[in-house]
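Close look at the chain arrangement
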Amino acid sequence: GINAESPLRPGVAIVWVAWYSCRWVYDKQTMVLQFFRELDFYKKVPRDLKEGTLGGAAITVSCIILTVYLVVSELSLYSNGSLKTSMFVTTGNHEESLNAILNITILGRQCDELDVDIRNSGGRKIEDVLKTYKKQEREDCTLYVEVLLPRAPGAILILNKRIPRYRYRLVPEDPDEKVIHLRPGWVKPENYTTPEGYELLKSPAHISLDHRINHVEFGDDIPVRTRWDDVLPDRSTPFKVLNGMKKSHHLALSHDYHLKLVPTSFIDQNKVRTDSFQYTYAHQSFLMVTPGGIAPRGSTVIFRYEVSALEIRYRYTRKPLYHLLTMMCAIVGGIFTVAGIIDRVFFNVHQVLRKKIQLGKQS
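This one's a predicted model, so the numbers in the text were calculated from it and none came from an experiment.

Notes on the overall build of the protein chain
Secondary structure assignment for the protein chain yields four helices and 17 strands. Across the 363 residues of the protein chain, 30% fall into the buried class. Long-range contacts, defined here as pairs at least 24 residues apart, represent 79% of the contacts in the protein chain between residues at least 6 apart. As presented, the protein chain carries roughly 24500 Å² of accessible surface, and 58% of it is formed by carbon and sulfur atoms.

Set out below in structure tokens:
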């Protein structure tokens, strides 16, 4: 202790107290650091005691290659995301309309002979549902129809508006030349002169509804994204089954297509939703016969549709960041841990065999 009558100055006493305080803090800090060192699960081996082997080098290089491959694959999966598919009973608004596009070519017919009707399941005509109705006439008649259909079962009909009684055609004397068909209902003028090398023939009109379906689609168009290819490798198969279908019998047949529509929705990473419809179909053709004989005016091409109660949903999702970090740690830690076990096993086996060989030589 310090005597009260000691001639030491107060400054010396303060220095002495400060030195002992620092010494005490240093000792405590050393004890704390030593305590944390004891908690180290990964004790370090001095560099001088380490030994490199060719087997260990080969395992290390293999681990690095495998780790890089798995890490790059995981990063690719994280950046591209994935599509989840779900199916459930739809509870949407059944009063809303669905958009339908029909592009069909009636072979050998004129557009003024044809008409388009939209009817419900009871056969009643539905008015004010056509959005676009275009006709393109060359040798055949191409009809483009865009319509807002009710979700209740209904039908789109292509029917005869006028049946021509005869057609005129110019038949060439040279069989290699093409036959020229004149417009239906064309009346031969009295002073008409047949072109040289042709013969004017009068034949019954072609009243069949042979056709080629160019395009049939319901709902919104699927977004053009390569990510949808993961689930839908061929987007035209389930959504545009009838595209390119051709029926040609040269008879006054009616064609009946029964379409089953399945609501399908797509939700991208920006939560933008696109509603479309997959569909399957069944086709049958028949001849309209009445007590008076065949009724060519009754020949029609009918697209009957019915919307399914089930809905399929494709949702684009991306894994959270913590999942990526967890997978990275699992890949790196797992590979090097397993590689360390394999390396120790081979090294210990090698040491045991080498010692046995050395003992065998000495004996």
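Having seen the structure, we can now continue with the description.
Quick word on the state of the cysteines
A full pass over the atoms with the stated rule returns one disulfide. The disulfide partner of Cys111 is Cys141, and the gap between their sulfur atoms is 2.1 Å. Disulfide Cys111 to Cys141: torsion about the S-S bond roughly 110 degrees, handedness right-handed. Here Cys111 is found in the loop between β2 (97-106) and β3 (114-120), whereas its partner Cys141 is found in strand β5 (residues 141-150), with 30 residues between them in sequence.

Re a nonpolar patch on the surface
Nonpolar side chains collect at one region of the surface, where Ile64, Val68, Val72, Val332 and Phe336 lie side by side and expose about 420 Å² of accessible area between them. Counting only elements with at least two residues in the nonpolar patch, the list comes to α2 (54-80) and α4 (321-362). Examining the composition of the nonpolar patch, we find that three residues originate from one element, α2, more than from any other. Among the secondary structure elements, Val332 is positioned in helix α4. Relative accessible area serves as the criterion here: at 36%, Val332 is assigned to the partly exposed category.

Description of the nonpolar core
In this structure, Ile104, Leu149, Phe218, Leu242, Leu259, Leu261 and Phe303 are the most contacted members of the largest nonpolar core, which totals 32 residues. Within the residue set of this core, elements represented by two or more residues are β2, β3, β5, β6 (154-160), β10 (211-218), β12 (253-267), β13 (273-287) and β16 (300-307). Ranked by size, the runner-up nonpolar core spans seven residues in total, among them Val71, Met328, Ile331 and Ile335.

A look at the environment of Ile342
For Ile342, the position within the fold is in helix α4. Using a relative accessible area of 38% as the deciding quantity, one classes Ile342 as partly exposed.

Concerning the packing of aromatic side chains
Aromatic ring pairs: the centre-centre distance and the angle between the two ring planes describe each pair. Applying the stated criterion to the full structure yields four aromatic pairs. Relative to Phe303, the ring of Tyr257 has its centre 5.0 Å away and its plane inclined at 10 degrees; by these criteria the two rings are stacked. Placement of Tyr257 in strand β12 and of Phe303 in strand β16 is noted, with a sequence separation of 46 residues between them. The exposure classification of Tyr257 matches that of Phe303, with both residues buried. Taken together through their ring pairs, the aromatic side chains of Tyr257, Tyr281 and Phe303 make up a single cluster.

Concerning α2
An ideal rise of 1.5 Å per residue puts 39 Å on 27 residues; α2 measures up with 39 Å between its terminal C-alpha atoms. Of the residues making up α2, those classed as buried are Gly56, Cys63, Thr67, Val71 and Glu74. In the stretch just after α2, Gly81 is the one whose phi turns positive, near 75 degrees.

Considering the sheet that holds β10
Reading across from one edge, β4-β5-β2-β10-β11 is the order of the five strands in this open sheet, with antiparallel pairing throughout. The sheet is open, and its two edges are formed by β4 (130-137) and β11 (246-247), each paired on a single side. Strand direction decides the pairing type here: β4 and β5, joined by seven bridges, are antiparallel. Each residue of the ladder has a partner; that of Lys134, found in β5, is Tyr144.

Describing the pattern of salt bridges
Following the criterion strictly, the structure yields eight salt bridges and no others. The partner of Arg304 in a salt bridge is Asp256, with the nearest N and O atoms 3.0 Å apart. Of this pair, Arg304 sits in strand β16 while Asp256 sits in strand β12, and the two are 48 residues apart along the sequence. The class for Arg304 is partly exposed, based on a relative accessible area of 34%. Taken together, the shared-partner salt bridges in this structure form one network comprising Arg273, Asp275, Glu311 and Arg313.

Comments concerning the side chain of His255
Checked against the element boundaries, His255 lands in strand β12. Residue class for His255 comes out buried when judged on its relative accessible area of 1%. Within the structure, the side chain of His255 is placed 3.3 Å from the side chain of His283, a separation counted as a polar contact.

A few points about the pairing of β2
The two faces of the sheet receive side chains in turn, since in a regular strand these alternate between them. Of all 10 residues in β2, nine are buried, a share of seventy percent or more. One ladder, built from 10 bridges, connects β2 with β5; its direction is antiparallel. Bridging across to β5, Leu98 finds its partner in Leu149. In this sheet, β10 lies alongside β2 in antiparallel orientation, the contact comprising seven bridges.

Cut-offs applied
Residues numbered from 1 in each chain as written. Predicted model: local features only at pLDDT ≥ 70, side-chain atom pairs only at ≥ 80, totals over all residues. Heavy atoms only, no water. Helix = DSSP H or I, 4+ residues; strand = E, 2+ residues; numbered from the N terminus. Buried < 20%, exposed > 50% of the residue type's maximum accessible area, 1.4 Å probe, protein only. Contact = heavy atoms within 4.5 Å. Areas by Shrake-Rupley, 256 points an atom, 1.4 Å probe, with all protein chains shown as cover. Disulfide = S-S within 2.5 Å. Patch = residues over 30% accessible without salt bridge, like charges linked within 9 Å, V, L, I, M, F, W, Y side chains within 5 Å. Salt bridge = Lys/Arg side-chain N within 4 Å of Asp/Glu carboxyl O. Core = buried A, V, L, I, M, F, W, Y, C linked by side-chain atoms within 4.5 Å. Phe/Tyr/Trp six-rings, centres within 6.5 Å; stacked < 30°, edge-to-face > 60°. Expected span 1.5 Å × (residues − 1). Pairing = 2+ DSSP bridges. Polar contact = N/O pair within 3.5 Å; in protein donor to acceptor, adjacent residues only side chain to side chain.

Scope: geometric values only; no functional claims are made or implied.
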